[in-house]
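# Observations on chain architecture
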Amino acid sequence: LFGRNYFNRYSAPETEDERAEILAEAAALKKSAVAYMHPEVGVCSEDATLFGRNYFERASAPDVESMEEAEEKAKILAEAAALKHLARDYMHPEVGVKTTDPTLFGRNYFNRYSAPETEEDEFADERAEILAEAVALKKSSVAYMHPE
């Protein structure tokens, strides 16, 4: 019995360069996915030759800002901060909701003392299956939201 090795023969095509290109593309895709999923991290440049001119803080920039412009700027910045907070809440639902207002309250109808404590076996089994499926869905959603 004998066999021919098609991968280690002298006439085989070069695959090391192709493998290196695929790994480089995968690393670039991972970097793009992390940048997309976490915009709060910001952009950092690795090339020292990259530069840009700041037209807003240069010496020849106009220093005059009217009162209306200042109010509009403050309003826009407040809206941007609120949108950032909402985006962070949307992208990270595991954080939860926190409140500091002592007048806010809610009634729990499931854990109260007057709630009926009977649960049949078939409902308990179905509930256990549903909770197991929920745990699996949560695991896959965490893996989707955090690919790194």
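## Points about the overall build of the protein chain
For the protein chain, the count of helices and strands is three helices and zero strands. The order of α-helices and β-strands along the protein chain, N terminus first, is α-α-α. Out of the 148 residues belonging to the protein chain, those deemed buried represent 4%. Total accessible area on the protein chain stands at roughly 15100 Å², and carbon and sulfur atoms take up 60% of it.

## Points about a negative patch on the surface
On the surface, a cluster of negative charge is contributed by Glu 120, Asp 121, Glu 122, Asp 125, Glu 126, Glu 129 and Glu 133. Take Asp 121: it is sitting in helix α3 (residues 121-145). With relative accessibility at 63%, the residue Asp 121 sits in the exposed group.

About the criteria used
- Residues numbered from 1 in each chain as written.
- Predicted model: local features only at pLDDT ≥ 70, side-chain atom pairs only at ≥ 80, totals over all residues.
- Heavy atoms only, no water.
- Helix = DSSP H or I, 4+ residues; strand = E, 2+ residues; numbered from the N terminus.
- Buried < 20%, exposed > 50% of the residue type's maximum accessible area, 1.4 Å probe, protein only.
- Areas by Shrake-Rupley, 256 points an atom, 1.4 Å probe, with all protein chains shown as cover.
- Patch = residues over 30% accessible without salt bridge, like charges linked within 9 Å, V, L, I, M, F, W, Y side chains within 5 Å.
- Salt bridge = Lys/Arg side-chain N within 4 Å of Asp/Glu carboxyl O.
- Lys, Arg positive; Asp, Glu negative; His and termini not counted.
- Charge placed at Lys NZ, Arg CZ, Asp CG, Glu CD.

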